[in-house]
Amino acid sequence: MEGLLSVYGELELTTYGLSKESMVFYLCVGYSTALVLGPVLGVVSDLIGQKKICLLYCVLHLIVGVWKRITMSPSAWFANVFLSLAGLVYSFGFETWLVVEHEKQSQRNDSLNETFWLMTFLESASLIGGQVLANWLVGENVQDGIALSATASLLLSVVTIICIVQTAKEPLKTLPFRDYSTAFYAYVLGDKRIWFLGTSQACLQFSTAVFWILWAPTIVADGREVNLGLIYPCFLGSRMLGSTVFPWLMSGQSLLRLEDCLVYIYALLGIVFSIVAYDYQEIRILVVLFCLFHGFAGLALPLLARLRTMYVPNELRGGMISLSQVPANAAILFFLIQRGYSNKIENSTMMALGAISLFTASGCIYMLRRWGKSPHHDWHKL
């Protein structure tokens, strides 16, 4: 669903004759929505259960598909709001649901580890499949292609809703709001290790958002003609390859702990961004660097999911993930305004800030490694 609706991007807005300032405005609307409603959705998911919040994800895509299919008007602000909310729900809803199901069925940790890297692998594969389907549906008329893609997304959302509804009924083991607030303050806000982990997640999210905003302008700088549609799948393929390293790290053959691996991965990601920020203009080198970024990010994502399982109680997982996204969304919104409206910062400066955030994340994981770990399951007995 996300792959189908993200293929056209600026082309859809250009078709409606929107200016660059209008495009920046729609992006700001989306990130503002995520900034304001993100923490609320995370808490709500913990309180009502993951199955219901995953249904909300599908309903949001269904609404966007119906709206685009019926109106065929430049309603980018409307779509951005709903798609931003859907992206937020996806970032914590399905992962938490899978972890809860694994623990409920008393499955082994190695099965959960397989799930983490397969989530990243299959997500990238699905995005590539969405792009292939969207390119197959598009014809000479861009608006007809957008309408067909919206129809396909609508049908996929209906299929997903049916699949979720047909699953076993989710047991209501959520906490009352008062108990949830007490536990969240004690085991999330009051734990320095969670702060380090959350900051590292926010830094990765910020740098990834900077990449997706700037990768195309960076490659086509100086008026170069490049087929971006062929480069995009390379990034997702690199992320798929990176995720396949995770089972080897968890098999016990690696001498490094998870935290040590993340320290080095974040440092390497920071180096990649630093080279790009140096204003390197060779297309081949840029594509290689961007593929390396996605390869290392594909390995970092399941590692972070594993660390969340080690440090964060499942009952608080959605609130913790959504809260960690607040500083990233705020920073992205600030730089969008500064770059899109005021032109006070350059693209290379944003890349440099992304590199600094990744080095900061490496330092946070190093501090997390020093603080050590204690089982989070003990809090159920307090």
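The numbers attached to residues start from 1 for each chain and follow its sequence in the written order. Per-residue local features are limited, in this predicted model, to residues with pLDDT of at least 70; the limit for side-chain atom pairs, both in listing and counting, is 80 or more; totals at the level of whole chains, interfaces and linings are taken over all residues. Note that the side-chain values use all heavy atoms of the structure and ignore hydrogens as well as water.

Trainee: Mind showing me how you'd approach the overall build of the protein here?
Mentor: Here a helix means four or more residues in a row that DSSP labels H or I, a strand means two or more in a row labelled E, and each is numbered from the N terminus. Each helix and strand counted, the protein has 15 helices and zero strands in total. Across the 382 residues of the protein, 48% fall into the buried class. For the accessible areas, the method is Shrake-Rupley and the probe is 1.4 Å, while residue cover comes only from the protein chains on display. Of the roughly 18000 Å² that the protein leaves accessible, carbon and sulfur atoms contribute 65%. Accessibility here uses a 1.4 Å probe with only protein chains present; expressed as a share of the type maximum, an area under 20% marks a residue as buried, one over 50% as exposed, and anything in between as partly exposed.

Trainee: Help me out: how do you make sense of the pattern of salt bridges in this one?
Mentor: Side chains that carry opposite charge are capable of pairing whenever their charged atoms lie near each other. Salt-bridge detection follows one rule: a side-chain nitrogen of Lys or Arg within 4 Å of a carboxyl oxygen of Asp or Glu. Enumeration over the complete set of coordinates arrives at five salt bridges. Residue arginine 308 is joined to glutamate 95 by a salt bridge in which the shortest nitrogen-to-oxygen separation is 2.7 Å. In this pair, arginine 308 sits in helix α13 (residues 283-311) while glutamate 95 sits in helix α5 (residues 76-104), placing the two residues 213 residues apart along the sequence. For the pair shown, arginine 308 and glutamate 95 are each scored as buried.

Trainee: What is the right way to read the packing of aromatic side chains from this model?
Mentor: Centres within 6.5 Å are what make two rings of Phe, Tyr or Trp a pair, Trp counting through its six-membered ring; a difference in plane orientation under 30 degrees is then read as stacked, over 60 as edge-to-face, and the rest as tilted. Counted according to the given criterion, the structure contains 19 aromatic pairs. Taken together, a centroid distance of 5.0 Å and an interplanar angle of 85° make the contact between tryptophan 215 and phenylalanine 235 edge-to-face. One end of the pair, tryptophan 215, is in helix α9 (residues 192-219); the other, phenylalanine 235, is in helix α10 (residues 228-243), and 20 residues separate them in sequence. Exposure remark for tryptophan 215: the relative accessible area of 8% places this residue in the buried category. Phenylalanine 235 gets classed as buried once you look at its relative accessible area, which sits at 0%. Feature note: the residues Phe211, Trp212, Trp215, Tyr232, Phe235, Phe273, Phe290 and Phe293 constitute an aromatic cluster, connected by ring pairs.

Trainee: Please explain the side chain of glutamine 201 as it appears in this structure.
Mentor: Note that glutamine 201 resides in helix α9. Overall, the relative accessible area of 8% leaves glutamine 201 in the buried class. Contact between two residues is taken to exist if any of their heavy atoms lie within 4.5 Å; hydrogens are not considered. Leave out the neighbours within four places in its chain, and glutamine 201 touches Tyr266, Leu304, Arg308, Met320, Ile321 and Ser324.

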